[in-house]
Amino acid sequence: MSRQSATGAWTNWARTATARPARTIRPRDVEEIATAVKAAARDELTVRALGSGHSFSAVGSPEGGLALDLSDWRGVIAADHQTGLVTVRSGTPLHQLNHELDQLGLAMTNLGDIDRQTLAGAISTGTHGTGAAFGGLATQVKALELVLADGSLLRCSATENPAEFNAARVGLGALGVLSTITLQCEPAYALQAAEYPAGLDETMECFDELTETNDHAEFHWFVHTDRVMVKRNNRLPQDAPRQPQHPLRRFFEYEVLENAALAAVCHTGRAIPGLVRPLNRLCAKVLGERTYSDASHRVFTTPRRVRFTETEYAIPREHLREVLAELRAASERLEHPVNIPVEVRVAAPDDIWLSTATGRPTAYLAIHQFIGMPYRHWFATFEQIAYAAGGRPHWGKMHNQSAETLRDRYPHFADFKAVRAALDPHGRFRNSYLDRVLGN
C-alpha cells in the first residue's frame, strides 16, 4: 500500500522554486502509481512526479496538486547482457543506477557531470553530457512505460506507439508518469581523463579539433579572465589497466579544492563583490593538470556540493565562437560580477521532438551564479545573446521563454502538443511552467 507523506513545502535543489502540494504519496509499484493518479482525477488535482528536485526551473513543481514521491520506486528490474537492454524503475537516482550497472558489468554510453537526478527527471528534461558523436541521456532510451491520466499503462518504443515514444523521451512530465524505462547500455568500460588549464582564445581556436579527436571534450571558462579548464575523456580498450586517483588525492581535489575551497571563495565573493574578479584569476592559476583513468561513471560525474543557480542554452554548433565572444564582452559590463565558471559542451544531433539537440549539431553553454548572489542581469544578458543565435533553453534550467518564442525552434512542437492533448485531454499533468512553455 502506498504511503501518504506529510505534505510540506516542496523546494528544488537551487531554492529557485517552491510550492505546496495538496498531498504527497509515496507509491511502491505501478499499481499504486495508477491508483494515486486516478484518485487525483477524482479529486480534480493536478499530478507531478517528484524527482530529486535538481531542475533549476519549476518544471517539477507540484503547485497545489498531488506530488508523487517516487523515492520508493527504484532499482534495476531486468538486464539482458546479450543485447545490453536494461529496464529500470523511473525513480532510480543516476548514482544508484551507475552502481547497479557496474555490478552487472554494464554502463551508460554517456552521462552528465551530476548524478543526483532521478533517471525519469534526467531524461524528461533533456539532461546531457558532452561529445560530438554522442547524444543526451534520452537517446539511450529504447522503450518506456507511462501511467496515463486515466490510470492505464502505455508502453512506447520506436515500433510500438512511436509518436508517443518520440514525445515521451523528453516529455517534461507533461504526458503521464514514467514508470519504467528501458535503456541501451553497453559492457562496462574505462575512461582516460585529462584536465588542464589553458587560454580561452587558444582553446576556441582548436575547439573543433578538440571535439573531433576526443570522445568527450568540454571546457570551463573563468568569467572576467582569459583562462579555462579543459577536460578530455577518452575510452580505453577493455584490457587496458586503470590508473584511478588515489583516494586521498581524489578527496583533496574534489572535496577540498572543488567543493570546500570553492565554497569559501564564493562566500567571500558574495560578502565582498569587489574581490570576485581577483579571486577568479587566482582560481584559474592554482588549478593544475591531472590525468587518471577509472570506470566511466566515476570519470563522467563529480560531486557538486556548492549550490548555485543556472541557465543553459543549446545553440547551433557553428555559432559557438561568436556567442562566446559576445558573452565575454558583455560580462565586463555587468552590474554584478560572476564567480562560477561558464561550462561549454557539445552533442550530436538527434530526432527526439523536444530535445534541445533535435535536428542539429549542438553546443551547450551553461551559465551559473553562486546562490544568494544577483544573477538576473547576467542570465538575461546571456539569454538575449543565445536566443538571437537560434538557441533553445534547457527545459530544466532557468529561462524566460514561452510557447510563443519556442514553437518555431522545434520542428515537432505541434506534434508534441497533439500527443499531449490526446494522452492528457484534461491537463492532469500540467503546472504553471508547462502552461508557459507549452501553452494551453
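Residue numbers restart at each chain and count upward from 1, following the sequence in its written direction. For this predicted model, a pLDDT threshold of at least 70 governs which residues receive local features, and a threshold of 80 or more governs which side-chain atom pairs are given and counted, while totals over whole chains, interfaces and linings are taken from all residues. For side-chain calculations, the full set of non-hydrogen atoms in the structure is used, while hydrogens and water are omitted.

Draft legend 1. Examining the pairing of strand β10 (residues 141-147) more closely. Each residue gets one of three labels from its accessible area relative to the maximum for its type: buried under 20%, exposed over 50%, partly exposed in between, using a 1.4 Å probe on protein chains only. Per the convention used, a helix needs a DSSP run of H or I reaching at least four residues, while a strand needs a run of E reaching at least two, with both numbered from the N terminus. β10 sits mainly inside the fold: six of its seven residues count as buried. As judged from the six bridges shared by β10 and strand β12 (residues 177-184), these two strands associate in the antiparallel manner. Within the sheet, the bridge partner assigned to V141 lies in β12 and is L183. Note on pairing: two strands pair once DSSP finds at least 2 bridges between them. Relative to strand β11 (residues 153-157), β10 runs antiparallel, the two being bridged by five bridges.

Draft legend 2. Main features of the packing of aromatic side chains. When the centres of two rings from Phe, Tyr and Trp lie within 6.5 Å, Trp using its six-membered ring, the rings pair. Their planes under 30 degrees apart give stacked, over 60 give edge-to-face, and anything left gives tilted. This structure, assessed with the given rule, holds seven aromatic pairs. Aromatic pair W13 and F56: ring centres 6.0 Å apart, planes at 85°, arrangement edge-to-face. Of this pair, W13 sits in the loop between β2 (10-11) and β3 (18-19) while F56 sits in the loop between β5 (47-50) and β6 (66-69), and the two are 43 residues apart along the sequence. What makes F56 buried here is its relative accessible area of 3%. Taking the centre distance of 5.7 Å and the plane angle of 85° together, the rings of Y313 and F382 count as edge-to-face. Linking Y313 in strand β18 (residues 308-316) with F382 in helix α11 (residues 376-388), this pair joins segments that are 69 residues apart in sequence. The burial state of Y313 is the same as that of F382; both residues are buried. Chaining the aromatic ring pairs together yields one cluster made of W13, F56 and F308.

Draft legend 3. Focus on the nonpolar core. Of all hydrophobic cores here, the largest spans 56 residues; its most connected members are L97, L183, L354, W395 and L438. Residue types Ala, Val, Leu, Ile, Met, Phe, Trp, Tyr and Cys, when buried and joined through side-chain atoms within 4.5 Å, form a set referred to as a nonpolar core. Core analysis: the second largest hydrophobic core is formed by 46 residues, A198, F219, V276 and A386 among them.

Draft legend 4. Summary view of the sheet that holds strand β21 (residues 392-393). Here eight strands make up an open sheet; going across it, the order is β17-β14-β16-β15-β19-β20-β18-β21 and the pairing antiparallel. The open sheet has two free edges, formed respectively by β17 (290-295) and β21, since each of these has just one partner strand. Two strands pair when backbone bridges link them, and strand β19 (residues 342-347) and strand β20 (residues 362-370) are joined in this way by five bridges, in the antiparallel orientation. From the neighbouring strand, V346 faces β20, where its bridge partner is A363. Against the sheet, helix α10 (residues 320-331) touches β15 (216-221), β18, β19 and β20, its axis set at about 20° to β20. Two residues form a contact once any of their heavy atoms are found within 4.5 Å. An axis is simply a line fitted to the C-alpha atoms; with a helix, the fit covers only the stretch in contact. Between two such axes, the angle follows the N-to-C directions and lies from 0 to 180 degrees. Along the sheet, α11 makes contact with β18, β19 and β20, crossing β18 at roughly 10°.

In short, shape yes, function no, at least from these values alone.
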